[in-house]
Amino acid sequence: MLFRSQSRQARVLTGHAKAIAALLAAAPSRPLLVMADRSIDAEPGLLRELGCPDATTFAELGGEDGLRGADLAALEEGLAAAALGSNPIAATVRVQSSGRLFDVRGGPAPLPSPPGSVLLWIADCSIAERDRTETIGQLQATEIALAALTQLIEAAPFPMWEI
């Protein structure tokens, strides 16, 4: 009887773990845990996207293919304050090898993470940035066309609406 109860509990827990794993896999943001000693814990797919598939420390997220040096330094600066809970991290970083843009948000990691750990949520915002750039280009083209039309109307020898 005890064995059946434990077996049923194990199946329920396994089901919950699979459901949570599926939710995390479908989430638009992925977690990166930075420990107090600056070691990191992240899924391999995220590390590949950041350009450093073999990284085991926060510093290894930089380099030739990883995050830009200035972006990594800015994140490093915010880690100590974020670990204490005084300042959440909110930054945008670019990967050197691919040019992809990532939004980074974070703060103190919840238990059972070790004290001083910071949980960063990383979301790829490359497509949104590309769309924003295209929209800015379209807006600038519209402004130029409107300015040209305004000049045409002002330069007309008689009001155009009387034609």
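Residues numbered from 1 in each chain as written. Predicted model: local features only at pLDDT ≥ 70, side-chain atom pairs only at ≥ 80, totals over all residues. Heavy atoms only, no water.

## Topic: the nonpolar core
(1) Moving on: One finds Leu32, Leu50, Phe58 and Leu61 to be the most contacted residues of the largest nonpolar core, which totals 23 residues.
(2) Moving on: Elements with a contribution of two residues or more to this core: strand S1 (29–34), helix H2 (44–49), helix H3 (69–84), strand S3 (89–94), strand S4 (101–108) and strand S5 (118–124).
(3) Moving on: Per element, the largest residue contribution to this core is four residues, and it comes from H3. (Core = buried A, V, L, I, M, F, W, Y, C linked by side-chain atoms within 4.5 Å. Buried < 20%, exposed > 50% of the residue type's maximum accessible area, 1.4 Å probe, protein only. Helix = DSSP H or I, 4+ residues; strand = E, 2+ residues; numbered from the N terminus.)

## Brief notes about the confidence of the model for the protein chain
Caution applies to low-pLDDT regions: their predicted coordinates should not be interpreted in detail.
(1) Moving on: Per-residue pLDDT for the protein chain averages 82, and the proportion of residues at 70 or more is 94%.
(2) Moving on: Within the protein chain, helix H1 (residues 2–26) has the poorest average pLDDT of any element, 77, and S5 the best, 91. (pLDDT = per-residue confidence, 0-100.)

## A closer look at the sheet that holds S3
(1) Moving on: Taking strand neighbours across the sheet as the criterion, the five strands line up as S2-S1-S5-S4-S3 in an open arrangement whose pairing is antiparallel. A single partner strand is all that each edge strand has here, and the edge strands are strand S2 (40–42) and S3. Across the sheet, the mean angle separating the axes of adjacent strands is 25 degrees when strand polarity is ignored.
(2) Moving on: Summarising the sheet, S4 and S5 pair through seven bridges and their orientation is antiparallel. Bridged to Gly106 within S5 is Leu120.
(3) Moving on: Most of the contacts of H3 go to S3, to which it runs at about 160 degrees, and overall it touches S1, S3, S4 and S5. (Pairing = 2+ DSSP bridges. Axes fitted to C-alpha atoms, helices over the stretch in contact; angles between N-to-C directions. Contact = heavy atoms within 4.5 Å.)

## What to know about the pattern of salt bridges
(1) Moving on: Enumeration according to the criterion identifies seven salt bridges in this entry.
(2) Moving on: Here Glu49 ties to Arg30 by a salt bridge, and the two come within 2.6 Å at their closest N and O atoms. Of the two residues, Glu49 is situated in helix H2 and Arg30 in strand S1; the sequence distance between them amounts to 19 residues.
(3) Moving on: Judged by its relative accessible area of 15%, Arg30 falls in the buried class.
(4) Moving on: Its salt-bridge partner being Asp124, residue Arg100 comes within 2.3 Å of it at the nearest N-O pair. Separated by 24 residues along the polypeptide, Arg100 in the loop between S3 and S4 and Asp124 in strand S5 bring together distant segments of the chain.
(5) Moving on: On the basis of relative accessible area, Arg100 is assigned to the partly exposed category, the value being 27%.
(6) Moving on: Each of Arg30, Glu43, Glu49, Arg100 and Asp124 takes part in one network of salt bridges that share partners. (Salt bridge = Lys/Arg side-chain N within 4 Å of Asp/Glu carboxyl O.)

## Description of unusual backbone geometry
(1) Moving on: The omega torsion across Leu111 and Pro112 is 15 degrees, close enough to zero to call that bond cis.
(2) Moving on: Residue placement: Pro112 occurs in the loop between S4 and S5.
(3) Moving on: The phi dihedral of Arg38 is positive, around 70 degrees, even though this residue is not glycine.

## What to know about the pairing of S5
(1) Moving on: Burial runs high along S5: five of the seven residues are buried.
(2) Moving on: Alignment of S1 against S5, held across six bridges, turns out to be antiparallel. Of the residues in S5, the one forming a bridge with Pro31 is Trp121.

## Remarks on the environment of Thr57
(1) Moving on: Tracing the backbone shows Thr57 in the loop between H2 and H3.
(2) Moving on: A sequence separation of 22 residues divides Thr57 from Met35, and the C-alpha atoms of the two residues are 9.0 Å apart.
(3) Moving on: Among residues more than four places away in sequence, those in contact with Thr57 are Arg38, Ser39 and Ile40.

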